[in-house]
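The residues making up each chain are set out below.
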Amino acid sequence: MSTISPFNWTPGCYNLKYPATLVASNVVVWRYSVDMTYILTGRRGEGRWEANRPILAHGGFVDPGEDPYETAVRELQEEVPGMKVEVDRLPFLLTPSHGMRYRWNPEARKAELTEDRAQDVPITTIEYWGEWVSGEPEATGEAHNLRWTPVTEIIHQENDWAFNMALIIPKLIDCFF
């Protein structure tokens, strides 16, 4: 009989090589037009955690031995190919490690913790800014319904973003207003 170790198996985590508390790195891709700042939003792919939920950032789990910045850049290219993006080396946000989802409340202008479980293990996320340079995003099985969404639309709509992505919105307000 084999023993299951949290260092080589985590329920729901692609079978796996990840420890019991996961670290993910994401990139929030922004683009500036003449009078508006846009964020690349989309929806999670079918058959994935949080399938079809809206997303503000693109990324994934940090592989063993991989630098979180390298993860963010690699995952962005895997999820949303077709663009050139300059990713800042310094992260702008480190989110709490738990498995619950946040909801954006535009009236209170804050992310509120819900009782909905987003995943079955705690995940700490490291968020990076990525400035769009050229090209257009291509949908993949990991992210679809991609569009450039005005920051003003994001902050004024109540939404159940995937995972803890609602925690990014106060940073959008700080940076773009």
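Basis of the calculations
Residues numbered from 1 in each chain as written. Predicted model: local features only at pLDDT ≥ 70, side-chain atom pairs only at ≥ 80, totals over all residues. Heavy atoms only, no water. Helix = DSSP H or I, 4+ residues; strand = E, 2+ residues; numbered from the N terminus. Contact = heavy atoms within 4.5 Å. Buried < 20%, exposed > 50% of the residue type's maximum accessible area, 1.4 Å probe, protein only. Core = buried A, V, L, I, M, F, W, Y, C linked by side-chain atoms within 4.5 Å. Expected span 1.5 Å × (residues − 1). Polar contact = N/O pair within 3.5 Å; in protein donor to acceptor, adjacent residues only side chain to side chain. Salt bridge = Lys/Arg side-chain N within 4 Å of Asp/Glu carboxyl O. Pairing = 2+ DSSP bridges.

Asker: Sorry if this is basic, but what is going on with the side chain of E75 here?
Answerer: Summarising the element assignment, E75 is placed in helix α1 (residues 68-79). Residues contacting E75, with those up to four places away along its chain left out, are G59, G60, F61 and E142.

Asker: Before we go on, may I ask you to explain the environment of G141 in this structure?
Answerer: Note that G141 resides in the loop between β9 (123-135) and β10 (143-150). Judged by its relative accessible area of 57%, G141 falls in the exposed class. Here the alpha-carbon distance between G141 and G45, two residues 96 residues apart in the chain, equals 5.1 Å. Apart from the residues within four sequence positions on either side, G141 is in contact with G45, E46 and R48.

Asker: Before we go on, may I ask you to explain the nonpolar core in this structure?
Answerer: Nonpolar side chains in soluble globular proteins tend to end up buried together. Counting 46 residues, the largest nonpolar core has I168, I169 and L172 as its most contacted members. In terms of residue count, strand β1 (residues 22-32) provides more of this core than any other element does, six residues in total. Not counting residues within four places of it along the chain, the set of residues in contact with L172 comprises V28, I39, W129, V151, I154 and F177.

Asker: What am I meant to see in unusual backbone geometry here?
Answerer: Excluding glycine, most residues fall at negative phi; most peptide bonds, likewise, are trans. Positive phi, normally seen in glycine, also occurs at N145, with a value near 50 degrees. Along the chain, the position of N145 falls in strand β10. The phi dihedral of F163 is positive, around 50 degrees, even though this residue is not glycine. Within the fold, F163 resides in the loop between α2 (151-156) and α3 (169-176).

Asker: For this particular structure, what's the right way to read α1?
Answerer: Since there are 3.6 residues in each turn of an α-helix, residues three or four apart along the chain are aligned in direction. The first and last C-alpha atoms of α1 sit 16 Å apart over twelve residues, in line with the 16 Å expected at 1.5 Å per residue. Looking at the buried side of α1, the elements it contacts are β1, β2 (37-44), β4 (58-61), β5 (83-87), β9 and β10. For α1, the capping residue at the N-terminal end is D67, with a side-chain oxygen 2.8 Å from the backbone nitrogen of Y69.

Asker: For this particular structure, what's the right way to read the pattern of salt bridges?
Answerer: Any two side chains of opposite charge can pair, given that their charged atoms come close. In total, this model carries eight salt bridges according to the counting rule given. In this structure, R31 and E136 form a salt bridge, with 3.2 Å as the shortest nitrogen-oxygen distance. One end of the pair, R31, is in strand β1; the other, E136, is in the loop between β9 and β10, and 105 residues separate them in sequence. The class for E136 is partly exposed, based on a relative accessible area of 43%. The shortest N-O distance in the salt bridge between R74 and E78 comes to 3.1 Å. Of this pair, R74 and E78 are both found in helix α1, four residues apart, which corresponds to roughly one turn of the helix. A residue is classified by how much of its surface remains accessible, and R74, at 23% relative accessible area, is partly exposed. The partly exposed category is assigned to E78, whose relative accessible area is 39%. Overlapping salt bridges, with partners in common, bring together D63, E66, R74, E75 and E78 in one network.

Asker: Can you help me understand the pairing of β1 in this one?
Answerer: The side chains of a regular strand alternate, residue by residue, between the two faces of the sheet. Here β1 lies mainly inside the structure; nine of its eleven residues are buried. As paired strands, β1 and β9 are joined by nine bridges and run parallel to one another. Bridge pairing links V29 to G130 in β9. As paired elements, β1 and β4 share four bridges and run antiparallel to each other. Within β4, the residue paired with A24 across the bridge is F61. As paired strands, β1 and β2 are joined by three bridges and run antiparallel to one another. In the sheet register, W30 faces β2, and the bridge partner there is I39.

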